[in-house]
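Geometric and topological summary
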Amino acid sequence: MNLDLTTEDSEFRSQVRAFLRDNLTEELADAGRLVTSVFIEPQFSLPWQKILHAQGWAAPAWPVEYGGTGWSEMQRYIFASECARAGAPSLSPMGLAMVGPCIIGHGTPEQKAYYLPRILAGEDYWCQGYSEPGSGSDLASLSLKATSDGDDYILNGTKIWTTHAHHANMMFCLVRTRFDGKPQEGITFLLLDMTLPGIKVDPIITLAGEHEVNQVFFDDVRVPKAGRLGAENDGWTVAKYLLEFERGGGSSAGLEASVGRIRALAQRDGLLASDPGFTSRLAAAEIGLEAIKITEQRVSSALSSGGNPGPAASMLKVQRTEMMQRIDTLGVEAGGTYACVEQLDARQPGSNIDAVGPSDRVTLVPRYLNNRAASIYGGSNEVQRNIMAKMVLGL
Ligand SMILES: Cc1cc2nc3c(=O)[nH]c(=O)nc-3n(C[C@H](O)[C@H](O)[C@H](O)COP(=O)(O)OP(=O)(O)OC[C@H]3O[C@@H](n4cnc5c(N)ncnc54)[C@H](O)[C@@H]3O)c2cc1C
């Protein structure tokens, strides 16, 4: 695969750069650069999504008929990479990168017409109700009960680790509609409104002191059947399809931008830049990233023609998250004395970062700590290796 830019690609890059220069405010760029969590807060991601949507650029990977851009894989990579370089806030993947493609693949014409424009415009903010206490890796054992009652299901049970449920007005949710037979054959996929009576969201505060994940309780919650995606008891097919987008969507452009910042940081410090151990580890990470980039482009071409990532999603999930953790380790090394936990408070946009050190160092340790979770969420890397053994190697 040729990763060199053609003249058209260079022109496209100039166009993206000009757009970012004109539209990405300092406040949004600060928020994008200083984020250390799984997702950036919607107070920053949604305004940026609205700006992109006005330009028609909110969902580059969607098929054109649903609001995609029709860009080539290289153009999509250039866009992601320029956004990461400029510090643009990343958009929440739950709507645009996860449930959106799933609605495109499995929704009725009415569901597509209603939800897709709202997802593009950022009118709905989504969370993912898959995991339950005791049902994480063994997701098919989930037990949130949905009892059929006329045009509705009545839900009772709980979901856990629900990222940004406290911000979301919509959830895509796996429920149990049948308790006998194979566990996978009794699951249904629902799109539900988080403001329905009987839903309670309790915060879970992480070791880093942050509120990102939650436990969500359902007590006789009446959900219209019109929100069901796919057939009753066939939710496992839809759930797996969505997981391929969760694991295989996105890009490593943010990682590339991080490596660039670490290289610049090491060069400023002088000593590290001439340390052969550090420089060879950094170079190895850069080479690994090139390989990931090529795999992403292969997957990305399947997405733009309306397909799904397939088992390559598991490979990408493992490669990206392990690379992310390698890069975080290099970052802490390069950050040296500035990369200390006491600087957590300085991450807030608008705070006086220069009082404690350059902004690129402030996030190094919190990012390192938070990204330990990356090899767990979205399905642990051990489980992804099991999937690859079965689906790719046929073991
Ligand atoms: C920060 C964060 C955000 C999250 N956000 C969401 C969210 O928004 N929505 C949601 O639904 N879920 C979310 N999750 C949950 C996440 O998907 C689960 O944590 C994950 O699937 C693992 O499940 P578990 O925590 O129950 O661990 P377990 O399944 O109990 O696994 C424990 C350990 O055993 C290993 N293991 C388990 N089974 C096997 C096996 N068969 N072979 C080899 N090793 C195995 C695992 O790899 C892991 O190391 C989030 C998790 C985190 C950490």
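Here goes a summary of the coordinates provided. (Residues numbered from 1 in each chain as written. Predicted model: local features only at pLDDT ≥ 70, side-chain atom pairs only at ≥ 80, totals over all residues. Heavy atoms only, no water.)

Focus: the pattern of salt bridges
- Here the structure, examined in full by the defined rule, presents 16 salt bridges.
- One salt bridge connects E123 with R118, and the closest N-O pair in it is separated by 3.4 Å.
- Classification of E123 as partly exposed rests on a relative accessible area of 48%.
- According to the relative accessible area criterion, R118 is partly exposed, its value standing at 22%.
- When the shortest N-O distance is used, the salt bridge between R178 and D180 registers 3.4 Å.
- For R178, a relative accessible area of 32% puts it in the partly exposed group.
- A cluster of three or more residues bridged by salt bridges with shared partners is formed by R17, E82 and R85. (Salt bridge = Lys/Arg side-chain N within 4 Å of Asp/Glu carboxyl O. Buried < 20%, exposed > 50% of the residue type's maximum accessible area, 1.4 Å probe, protein only.)

Here's the deal with the packing of helix 1 (residues 7–23) against helix 3 (residues 42–55)
- Contact pair helix 1 / helix 3: the axes reach a minimum separation of 12 Å and the direction vectors enclose 135 degrees. One way to sum up the angle between helix 1 and helix 3 is to call them oblique. Of the two elements, helix 1 crosses helix 3, and the hand of that crossing is right-handed. Only W48, I51, L52 and Q55 of helix 3 make contact with helix 1, whose side of the interface consists of F19, L20 and N23.
- Partitioned by chemical class, the residues of the contact of helix 1 with helix 3 number five nonpolar, two polar and no charged. (Axes fitted to C-alpha atoms, helices over the stretch in contact; angles between N-to-C directions. Helix = DSSP H or I, 4+ residues; strand = E, 2+ residues; numbered from the N terminus. Parallel < 35°, antiparallel > 145°, perpendicular 65-115°, else oblique. Left-handed = near helix turned anticlockwise from the far one by under 90°. Contact = heavy atoms within 4.5 Å. Nonpolar A, V, L, I, M, F, W, Y, C, P; charged D, E, K, R; others polar.)

Regarding empty space enclosed by the protein
- Within the structure shown, the criterion is met by one cavity of 30 Å³ or more.
- Reported here for the largest cavity is a volume of approximately 90 Å³.
- S45, L46, Q49, S92, G95, L96, I119, G122, D124, Y125 and W126 are the residues that line the largest cavity.
- Of all the secondary-structure elements, those providing two or more residues to the lining of the largest cavity are helix 3 and helix 5 (93–106).
- Examining the composition of the lining of the largest cavity, we find that three residues originate from one element, helix 3, more than from any other.
- Of the residues that constitute the lining of the largest cavity, the class distribution is five nonpolar, five polar and one charged. (1 Å grid on protein atoms, 1.4 Å probe; cavity = no way out; pocket = protein on both sides within 12 Å on 5 of 7 lines; lining within 4 Å. Points joined across faces, edges and corners; volume = space filled by probe spheres on them.)

Keep in mind these values describe shape, not function.
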